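Residue-level structure breakdown
This is what each chain is made of:
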Amino acid sequence: MTQPLLNEIIAEIEQSPERAIPFSRYMELALYHPTWGYYQTDRIKLGKEGDFFTNAHVGSIVGQVLGRLFRRMVTLVGREEDWVLVEMGAGDGRLMEQVAREWIAQGGKPDKLNSYLVETSPYHRRLQQERLAPLPISFHWSRSLQEVPRAKYSFLYVNELVDAFPVHRIKKEGGVIWEAHVIKGMHGRLRESWQPLKQASDPAIWERAQLLAEGQMAEVAVAARQWIGEVAAWMERGILLTIDYGGETGELLMRSHGTLRAYREHRLLTDLYQMPGEMDLTAHVDFTSLRHWGESLHMRTLAYLTQADFLLRAGVLDLLPSKPVPDPFSPEAKRRRAITQLIHPQGMGESFRVLLQAKGMPALTRQQLFPNL
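Below: a short report on this structure. Just so we're clear, the structure is a prediction, and the values are computed from it rather than from any experiment.

The subject of this paragraph is the sheet that holds strand 13 (residues 280-282). Overall, antiparallel pairing links the three strands, which are arranged 12-11-13 in an open sheet. For this open sheet the edge positions go to strand 12 (267-269) and strand 13, each flanked by a neighbour on one side alone. In this sheet, adjacent strand axes meet at a mean angle of 35 degrees when their direction is disregarded. Direction of pairing for strand 11 (residues 261-264) relative to strand 12: antiparallel, over a ladder of three bridges. Bridging from a neighbouring strand, Ala 262 pairs with Leu 269 of strand 12.

Put into C-alpha cells, the structure is as follows:
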C-alpha cells in the first residue's frame, strides 16, 4: 500500500463533516492523485509485466485499422493539414505508434500530421515520448484537451480510458437507495460504509437509481458525462471514437453486484480498499448513456458495434496473410492469431464495444467509413 496516499485519504475522511467520502472521490484519489495515484506512479501497468493488457498489445492490428480509418476520413473530408489527430490517455504510446505508422504506410505525409497526446501522468508521458521519438512526425503533448489547438476537423480516439473514470456506487436495499462511502476502520484501514443517497446528488445518479431492483447494485459514471461534455465543447467538427469494455444499460444491470473490479498483476482482487494507488480500479462503460449524453450535445451516433463487428467492417481481414502460412512462428502466423483473438466472440471481440460519434459532419455516413458494411 502507498502509505502517503493512504494518509491523504484518511486525512480527507477525518476532515469531512460526516467522516466519510463518496466512493467516487476515493476512486479519484486512488487512481489520479497527482503524486501517488495509480496512473501517476513510475510503475509498469500495461502488458505482461503490468496489471492488464489492452487490445493494442495484441499485435498492431487495432492501430492499423484506426490508421486506415483516419486516412479514409481525411480522404473523404478536407485536406491533411485541416485535421488534428488526438489520443487521450495513451498509456505507453503503443496505439498511437501503430496508428501513425499505418497513416504513413497508407500514403499520409508525416509533415502534414498534426498529432497530440493528452496525458496527465509524467511517467506515461515519458514512455510515450521514448516510443514515438523514432517516427518522422512531430508529436505534441498536453495535460488537458483544452490545451490542444482546435483544427477544422479532428479525430479523437480513446482506448480503455472511460472504464477508469471514477464512479458512484449505489444499491437498493429495503426500498431505500444507498450510496457507497469510504470511512476509516480499525487499525487505520479503509472500509466501506453505505449511506442513504442524498436528495442533492447528481440527477444521473437518481435516474439510474430508478432502474434498480431490490438488492441490486450499480455504478454511475458522472465523470464520463463530464468528459464527453468537454469533448463536445472542444470539438468543432470531427469524430470521437471510444473503445472499451461495457455494454448497454440493460446489459450492465443484469450484473446484480455491479461491474466494479480491482486488478493487480493480472489477478482479480476482492478488496477494493487494501492497496489504494497500487491496483487498477475499473468499471464497465455504459454505452447507452454515452450515446444519449453525446446526442444531447449535438454529437450524432455514427455507429455502435462490438469490437469484432467494428474490425470486420473496417477491413481487418485485409490484414490477413494472402497465402497459407506453414510456419506457426512467422510474423504472418502471429498476425492471424492476433486477428482471431481480437474478433473472437468469447474474448475481446464481444466484450469490447466501439462507439463512433460525429459532430458537425452531416455529410459523413457509416457507409463511407465502413465500405465493408
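We now examine the nonpolar core. In terms of nonpolar packing, the biggest core is built from 52 residues, with Leu 241, Phe 310 and Leu 356 touching the most fellow members. If you tally residues by element for this core, the top one is helix 3 (residues 61-76), at eight residues. Counting residues in hydrophobic clusters, the runner-up holds 30 residues, among them Ile 10, Tyr 38, Ala 262 and Leu 272.

What follows covers the side chain of Gln 40. If you trace the backbone, Gln 40 turns up in the loop between helix 2 (23-32) and helix 3. With a relative accessible area of 8%, Gln 40 lands in the buried category. Polar contacts involving the side chain of Gln 40 include one to the side chain of Thr 120, which spans 3.3 Å. In this structure Gln 40 touches Leu 31, Tyr 32, His 33, Pro 34, Thr 35, Thr 120, Ser 121, Pro 122 and Tyr 123, once residues within four positions along its chain are discounted.

Before going further, it helps to examine the pattern of salt bridges. With the rule as written, the count across this model stands at 20 salt bridges. Glu 102 serves as the salt-bridge partner of Arg 68, at 2.8 Å between the closest nitrogen and oxygen. Here the residue Arg 68 occupies a position in helix 3, and Glu 102 occupies one in helix 4 (residues 94-105), the gap between them amounting to 34 residues. For Arg 68, a relative accessible area of 24% translates into the label partly exposed. In this structure, the salt-bridge partner of Arg 131 is Asp 92, at a minimum N-O distance of 4.0 Å. Here Arg 131 is found in helix 5 (residues 122-132), whereas its partner Asp 92 is found in the loop between strand 2 (83-88) and helix 4, with 39 residues between them in sequence. Within this structure, Asp 92, Arg 94, Glu 97, Arg 101 and Arg 131 form a network of salt bridges that share partners.

With that settled, consider unusual backbone geometry. Phi is positive for Arg 19, close to 50 degrees, though the residue is something other than glycine. Residue position: Arg 19 is located in the loop between helix 1 (3-15) and strand 1 (21-22). A residue is classified by how much of its surface remains accessible, and Arg 19, at 48% relative accessible area, is partly exposed. In the Ramachandran plot, Glu 160 falls in the positive-phi region, its phi being about 55 degrees despite a non-glycine side chain. Take Glu 160: it is sitting in the loop between strand 5 (153-159) and strand 6 (168-173). Since its relative accessible area comes to 14%, Glu 160 is described here as buried.

Rules used throughout
- Residues numbered from 1 in each chain as written.
- Predicted model: local features only at pLDDT ≥ 70, side-chain atom pairs only at ≥ 80, totals over all residues.
- Heavy atoms only, no water.
- Pairing = 2+ DSSP bridges.
- Helix = DSSP H or I, 4+ residues; strand = E, 2+ residues; numbered from the N terminus.
- Axes fitted to C-alpha atoms, helices over the stretch in contact; angles between N-to-C directions.
- Core = buried A, V, L, I, M, F, W, Y, C linked by side-chain atoms within 4.5 Å.
- Buried < 20%, exposed > 50% of the residue type's maximum accessible area, 1.4 Å probe, protein only.
- Polar contact = N/O pair within 3.5 Å; in protein donor to acceptor, adjacent residues only side chain to side chain.
- Contact = heavy atoms within 4.5 Å.
- Salt bridge = Lys/Arg side-chain N within 4 Å of Asp/Glu carboxyl O.

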